[in-house]
Amino acid sequence: MSTINAVIASASQQFKTSIGRPMFRFCVIGQPILFGLILGMIYLEKSNIDFTLFAVFGSGLSTFWSSICFSSASDIHRERWYGTLETIYSAPVGFKWIVLGKIIGNSIWGVFSIGLSFSVVVLLFQRQIIIGNLSLLLVGLFLMTLSLIAIGYLFAALFTLSRNARIMMNFMEYPVYILCGILFPLEQLPLLIRSFAYVLSPTWAVKIIHLAVSGSSLFSAINYIVGLVVITIIYGVLAVYFFEKIDVKCRVEATLEVY
Amino acid sequence: MKNPIITVQSLKRTYLTHIGLLNKEKKLVEALKGIDFEVYPGEIFGLLGPNGAGKTTTIKILTTLLAPSSGQAKVFGFKAFGEEKKIRPRINFIFGGERSLYWRLSGLDNLKYFADIYKIPRKKQTELIDDLLKEVGLYDVRKRKVETYSKGMKQKLQIARALLNDPEIIFLDEPSIGLDPVAARTLKNMIRALSEKGKTVLLTTHYMQEAEELCHRIAVINHGQIIALDTVEGLKNRVKNEQNSSQMPNLEDAYIHLISEPNIA
Ligand SMILES: Nc1ncnc2c1ncn2[C@@H]1O[C@H](COP(=O)(O)OP(=O)(O)O)[C@@H](O)[C@H]1O
Ligand SMILES: [Mg+2]
């Protein structure tokens, strides 16, 4: 019970304070609007389905991804600078739960940014938005949120270990836009790279959302749903494994502090 | 004699540092070269030593934040590295200055958050936090953001945070650094009050007068080695004898004499 309290406390603290930071505000407010505009222009001449897929959802998903990337790295780093990392690291509730709360707090903003870019694109471009299967769409968005939480969690574990994690974070942000079919169809990529894309869970989420937009049944998307769930679980298990590892490693290598 | 609450034996810690940007050269720093000491329940135990002596490293190991390279560090009889889960709920720590707080949150919100992650039941929290805020004298400003607090106020909030889980041992690393005399005296009184309540305090400081007034026993540490360990009187006597002086030195004179002795080991 008190563990859940701590996760909620950490999530709500994160939710309340992160938006006070200019960089994060840009990430969840500025970027969805800008991406919505840019992608809206790019896909203006394309079919309604392509417009819906890449302008409406592409802008939302990419900003969600950015905020996960950005925050999971910088949150841990910030705690290190505040000198609070040691306190939360050794708190009786367990560091991994506190970090999970933080990622959840950020993801709530991520969901908000999807909604924002959606509204911007719909209002500004006045195009017909196609959603063939709403319930499948909701399933896809929900699973995608879970899976991004799992990725953010995995990253955060790695970022606790390294003081140079910011570089890695920047390095991850753009490849995922390209690799996962967020901004253009995956089929445009060479086969070899495409197979790598299936290790990344956003690829599967994007597939489900695409099927939902084109009106496929829940049943026909079942492969992707199962795939996404399985990958998310793998990420989650890996993250927990890493948290066990870092508990030892960051004390041996003294990475909790600024030095 | 009571059993020690902290036992440190042949404790060593080295750090690996990288120097240079491109041609990363590795350098091994020996922060602790094998130290031994014990702390008893209810004691105020001081660690004195120049910058870089290894005081913070010792405290980090005992607070389960850093692994020893070799040797033993036990708290309540449990290994600080390996049995940390048994130690963490029963201790707390403050690392000097104004850090370790969320400056964008109010003092009250800081404490609420820390109470949650210290697993203090919500039912108990309100009363506990109010009591602590009153105890450290921050109750009236509890809703103000920490960034508007003075150094002394931040330090008081840190103390309130460190008392949330009612720890049996409190580790204080340079708690009085940068405090004005009034705030420093308040802090001193608080530390004394903690000890009177039966809590064990392990503290580091550069202020000799503070150490002299507070500490039951003091370990002087230099270059990663303990060069003296005694009561304040004991340390002074030793130096008096070594200097063949008829006058009793004060702690500061004794300390300076000790750390300028040629290294024995
Ligand atoms: N994280 C670290 N990485 C590398 N060297 C360190 C680190 N922390 C401390 N040191 C080195 O270890 C020695 C002891 O440091 P410390 O324990 O902080 O001393 P004190 O607290 O007594 O000033 C110093 O030489 C310091 O430079
Ligand atoms: Mg220090």
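Further up the page is the structure itself.
Calculation criteria
- Residues numbered from 1 in each chain as written.
- Chains lettered and ligands numbered in written order.
- Predicted model: local features only at pLDDT ≥ 70, side-chain atom pairs only at ≥ 80, totals over all residues.
- Heavy atoms only, no water.
- Contact = heavy atoms within 4.5 Å.
- Buried area = accessible area lost by both parts, 1.4 Å probe.
- Salt bridge = Lys/Arg side-chain N within 4 Å of Asp/Glu carboxyl O.
- Polar contact = N/O pair within 3.5 Å; in protein donor to acceptor, adjacent residues only side chain to side chain.
- Helix = DSSP H or I, 4+ residues; strand = E, 2+ residues; numbered from the N terminus.
- Nonpolar A, V, L, I, M, F, W, Y, C, P; charged D, E, K, R; others polar.
- Axes fitted to C-alpha atoms, helices over the stretch in contact; angles between N-to-C directions.
- Parallel < 35°, antiparallel > 145°, perpendicular 65-115°, else oblique.
- Left-handed = near helix turned anticlockwise from the far one by under 90°.
- Buried < 20%, exposed > 50% of the residue type's maximum accessible area, 1.4 Å probe, protein only.

Draft legend 1. Spatial organisation of the interface of chain B and chain A. With 28 residues of chain B in contact, the opposing surface of chain A contributes 34 residues. For the pair chain B and chain A, the summed buried area comes to about 2,900 Å², and 56% of that belongs to carbon and sulfur atoms. One salt bridge connects K60 of chain B with E86 of chain A, and the closest N-O pair in it is separated by 2.9 Å. Counting across the interface, chain B meets chain A through 11 residue pairs in polar contact (both at pLDDT 80 or more). Here the side of chain B that touches chain A takes 4 residues from helix 3 (residues 107-117) of chain B, the largest share from any one element. Broken down by class, the residue content of the side of chain B that touches chain A amounts to 16 nonpolar, 2 polar and 10 charged.

Draft legend 2. Summary view of the packing of helix 3 of chain B against helix 5 (residues 151-163) of chain B. Residues and elements named next belong to chain B. Two elements in contact, helix 3 and helix 5, have axes separated by 10 Å at closest approach and are oriented at 25°. What the angle tells us is that helix 3 and helix 5 run roughly parallel. Along this stretch, helix 3 crosses helix 5, giving a crossing that reads as right-handed. Contact residues: helix 3 offers G107, N110, L111 and F114, while helix 5 offers L157, A160 and R161. Here the residues of the contact of helix 3 with helix 5 sort into 4 nonpolar, 2 polar and 1 charged.

Draft legend 3. Structural detail: the pattern of salt bridges. All chains considered together, the criterion is met by 18 salt bridges over all chains. A salt bridge links R88 of chain B to D247 of chain A; the nearest nitrogen and oxygen atoms lie 4.0 Å apart. Placement of R88 of chain B in the loop between helix 2 (84-87) and strand 6 (91-95) and of D247 of chain A in helix 10 (residues 222-252) is noted, with the two residues assigned to different chains. The class for R88 of chain B is buried, based on a relative accessible area of 9%. The shortest N-O distance in the salt bridge between D116 of chain B and R122 of chain B comes to 2.9 Å. Judged by relative accessible area, D116 of chain B falls into the buried class, the value being 7%. With relative accessibility at 41%, the residue R122 of chain B sits in the partly exposed group. Residues joined in a network through salt bridges with shared partners are D247 and R251 of chain A together with E84 and R88 of chain B.

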